[in-house]
Amino acid sequence: MNYQAELVGVFGRPVAENPTGAMQEAAFASLGLNWRYLTIEVGPAGLADAVAGAKAMGFRGFNLTIPHKVAVIPLLDKLSRGAELIGAVNTVVRDGDLWIGENTDGRGFLRALREDAQVDPKGKFAVVLGAGGAARAIAAELVLAGVDRLLVVNRSVHRGRELVGDLVKKTGAKAEFLHWPDPCLEVPADADLLVNATSVGLYPNVEAMPSVNLRGAPAGLVVCDAVFNPAETMLLRHAKAFGLKTLDGLSMLVYQGVIGFEIWTGQKAPEKVMKEALSRELTC
Ligand code: NDP
């Protein structure tokens, strides 16, 4: 009998309401794996000690959430191409003696797009709303997946320009920035994807939606939302009313956990179990 569990977890502050542990534990239980996911509150001053502790205790990896996604980088040995481009890490994996930083937020979005919406972004024209952490991750992975064009639309000019400047400089991508037009954004007639990566529509402001005119949107447009609470945002409700295909933020959240599970365990993740566990937590 081997009583020693494999350990993974998340470090952050605040972290108590982070539902990832329930999703990962459900996956471990369903595959009969003796693994534990620990949800641990760590403030900025404690991050280096927490990472050293995880290394000393032989963790297989860990997630990072607010405020550690950038601060953890100097404590790691290597970054994945995506994490380097995004400039933030949300998942760390131990590979032999090396601690490697990944970013599964954008990869989770891509996997949801491919598997749930059945859309391959290669050669497409994508419009991303926002320039914060989620937008950086989504925009970077869309570029790595070979979108033909990327338009980043943001309220503050500085963050939007910085995101597009980084992508163009590091990848040569065909990316442009647009300061959010007043009173609302008209979706370009040749756009294939519209992704809301702002926090507009997030609980409790569930009646809000980004100021975008979907009335004249191209019929083939796929409208995606990173906001996962609620899963059906006002933006997605509007898009459905106009007959447009949609993808919710819950799928992105599940798949970023699915990718984390697969990176750590090397096994195919039980996606359905994970989605059900997460939905249960978010409706509690
Ligand atoms: P940030 O705080 O880093 O960025 C917020 C973005 O929203 C900025 O671009 C900001 O613009 C924009 N924004 C905020 N309020 C408004 C407004 N009233 N009008 C226009 N733009 C606005 O947050 P994150 O990027 O980390 O998160 C964004 C959303 O994505 C959140 O809802 C989060 O829950 C979700 N998310 C979902 C994930 C998933 O797996 N589904 C993973 C990660 C995040 P400005 O620069 O002008 O301030």
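Residues numbered from 1 in each chain as written. Predicted model: local features only at pLDDT ≥ 70, side-chain atom pairs only at ≥ 80, totals over all residues. Heavy atoms only, no water.

(A) View of the side chain of N196. Tracing the sequence through the fold places N196 in strand β11 (residues 193-196). Within polar-contact distance, the side chain of N196 engages the backbone oxygen of V200 at 3.4 Å. With residues near it in sequence (within four places) discarded, N196 still touches L129, P210, C224, D225, A226, V227 and L235. (Helix = DSSP H or I, 4+ residues; strand = E, 2+ residues; numbered from the N terminus. Polar contact = N/O pair within 3.5 Å; in protein donor to acceptor, adjacent residues only side chain to side chain. Contact = heavy atoms within 4.5 Å.)

(B) Molecular detail of the sheet that holds strand β9 (residues 175-179). Spatially, β9-β8-β7-β11-β13-β14 is the arrangement adopted by the 6 strands of the open sheet, whose pairing is parallel. Sheet topology places β9 and β14 (245-247) at the edges, where each strand pairs with a single neighbour. On average, each strand axis in the sheet is inclined to that of its neighbour by 20 degrees, with strand direction left out of account. Each of β11, β13 (222-225) and β14 touches helix α4 (residues 104-115); the most contacted strand, β14, lies at about 145 degrees to it. (Pairing = 2+ DSSP bridges. Axes fitted to C-alpha atoms, helices over the stretch in contact; angles between N-to-C directions.)

(C) Region of the structure containing unusual backbone geometry. Residue P183 is bonded to the preceding D182 through a cis peptide linkage, with omega at 5 degrees. Inspection of the secondary structure puts P183 in the loop between β9 and β10 (185-186). Omega for the peptide link from Y203 to P204 comes to 5 degrees, which places this bond in the cis form. Along the chain, P204 turns up in the loop between β11 and β12 (212-213).

(D) Seen up close, the domain arrangement of the chain. Parsing the chain into structural domains produces domain 1 (6-103 + 251-281) and domain 2 (106-247). For domain 1 versus domain 2, the distance between C-alpha centres works out to 25 Å. Contact residues are listed per partner, giving 19 residues for domain 1 and 20 residues for domain 2. Of the roughly 1,700 Å² buried between domain 1 and domain 2, counting both surfaces, carbon and sulfur atoms make up 61%. Three residues, L85, I86 and M252, lead the burial of domain 1 against domain 2; their summed loss comes to 42% of the area buried on that side. (Domains from an automatic or database assignment. Buried area = accessible area lost by both parts, 1.4 Å probe.)

(E) Spatial organisation of the packing of helix α1 (residues 20-31) against helix α8 (residues 249-265). Orientation of α1 relative to α8, taken along the N-to-C sense of each, is 50 degrees, at an axis distance of 10 Å. Our classification of the angle between α1 and α8 gives oblique. Taken as a pair, α1 and α8 cross one another with a handedness that is right-handed. Across the interface between the two elements, M23, Q24, A27, F28 and L31 from α1 touch L253, V254, G257, F261, W264 and T265 from α8. Tallied by class, the residues present in the contact of α1 with α8 amount to 8 nonpolar, 3 polar and no charged. (Parallel < 35°, antiparallel > 145°, perpendicular 65-115°, else oblique. Left-handed = near helix turned anticlockwise from the far one by under 90°. Nonpolar A, V, L, I, M, F, W, Y, C, P; charged D, E, K, R; others polar.)

(F) Expanded view of the site of the ligand. Near the ligand lie 21 residues; those nearest to it are A131, A134, N154, S156 and A226. A131 has a polar backbone atom sitting 2.9 Å from an oxygen atom of the ligand. Here R155 contributes a side-chain N or O atom positioned 2.9 Å from an oxygen atom of the ligand. Protein contact buries 75% of the 920 Å² of open area that the ligand shows by itself. Only α5 (133-144) and α8 provide two or more residues apiece to the shell around the ligand. With 3 residues, the single largest contributor to the shell around the ligand is α8. Its residues assigned to classes, the shell around the ligand comprises 10 nonpolar, 8 polar and 3 charged. (Near = heavy atom within 4 Å. Areas by Shrake-Rupley, 256 points an atom, 1.4 Å probe, with all protein chains shown as cover.)

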